[in-house]
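Topology and contacts: notes
Residue strings, one per chain:
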Amino acid sequence: MVSAAYRDIAVRTKQNNTDVMESLGPNDLNEGHYFELMDRASVFASIFEDHVAAHPVVEADECLGELVERARELHGEIYQRAGTLWGAQCEDPPTSSSA
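Residues numbered from 1 in each chain as written. Predicted model: local features only at pLDDT ≥ 70, side-chain atom pairs only at ≥ 80, totals over all residues. Heavy atoms only, no water.

Turning to the overall build of the protein, a few remarks are in order. The helix and strand tally for the protein stands at three helices and two strands. Listed by position from the N terminus, the elements making up the protein come as β-β-α-α-α. Counting across all 99 residues of the protein, residues that qualify as buried make up 13%. For the protein, the accessible area works out to roughly 7,900 Å², and carbon and sulfur atoms hold 54% of it. (Helix = DSSP H or I, 4+ residues; strand = E, 2+ residues; numbered from the N terminus. Buried < 20%, exposed > 50% of the residue type's maximum accessible area, 1.4 Å probe, protein only. Areas by Shrake-Rupley, 256 points an atom, 1.4 Å probe, with all protein chains shown as cover.)

The next subject is a nonpolar patch on the surface. On the surface, a nonpolar cluster with roughly 230 Å² of combined accessible area is contributed by V57, L64 and L67. Looking at the element boundaries, L64 is found in helix α3 (residues 62-89). On the basis of relative accessible area, L64 is assigned to the partly exposed category, the value being 31%. (Patch = residues over 30% accessible without salt bridge, like charges linked within 9 Å, V, L, I, M, F, W, Y side chains within 5 Å. Salt bridge = Lys/Arg side-chain N within 4 Å of Asp/Glu carboxyl O.)

Summarising the element assignment, A45 is placed in helix α1 (residues 31-53). Separated by 26 residues in sequence, A45 and A71 place their C-alpha atoms 9.8 Å apart.

Here we take up α3. With 28 residues, α3 should cover 40 Å at 1.5 Å per step; its first-to-last C-alpha distance of 41 Å lies within 8% of that length. In the core, the buried residues of α3 are packed alongside α1 and α2 (56-60). A side-chain oxygen of the first residue of α3 lies 3.2 Å from the backbone nitrogen of C63; this N-cap is D61. (Expected span 1.5 Å × (residues − 1). Contact = heavy atoms within 4.5 Å. Polar contact = N/O pair within 3.5 Å; in protein donor to acceptor, adjacent residues only side chain to side chain.)

Okay, the packing of aromatic side chains next. The relation between two aromatic rings is expressed through the spacing of the ring centres and the mutual angle of the planes. Evaluated as defined, the whole model comprises two aromatic pairs. For the ring pair F35 and W86, a centre distance of 5.3 Å and an interplane angle of 50° mean the geometry is tilted. Taken together, the residues F35 in helix α1 and W86 in helix α3 connect sequence positions 51 residues apart. Classification of W86 by relative accessible area gives buried; the value is 13%. Ring centres of F44 and F48 lie 5.9 Å apart, and the angle between their planes is 20°; on these two criteria the pair is classed as stacked. Of the two residues, F44 and F48 both sit in helix α1, four residues apart, roughly one turn of that helix. You can call F44 partly exposed: its relative accessible area is 46%. The exposure class assigned to F48 is buried, which follows from its relative accessible area of 16%. (Phe/Tyr/Trp six-rings, centres within 6.5 Å; stacked < 30°, edge-to-face > 60°.)

Take the pattern of salt bridges next. Applying the stated criterion to the full structure yields three salt bridges. Salt-bridge contacts for R72 lead to E49; the nearest nitrogen and oxygen are separated by 2.7 Å. Separated by 23 residues along the polypeptide, R72 in helix α3 and E49 in helix α1 bring together distant segments of the chain. Looking at E49, the relative accessible area reads 30%, which means it is partly exposed. Accessibility expressed as a relative area gives 33% for R72, which makes it partly exposed.

Put into structure tokens, the structure is as follows:
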């Protein structure tokens, strides 16, 4: 289980034209990392809705429909938490009308 407070984050960088994986610690994160997570979460939501939630089998099976709804709720919590963390990192995060 991954700790809710912190886990190592690996990032791919280029050194001497070679891909290198580096581990970021909690002090190496910046506001861009939080916004990036929100972006990735929105991409995931779009793919999930288009390819899983809208699938005819999900629409036909009540149990699958309930599981999809639970997944949506959990995903929403992930996105909101990332947004909260991002807002805490930014002095003046943009409002929805300026995005």
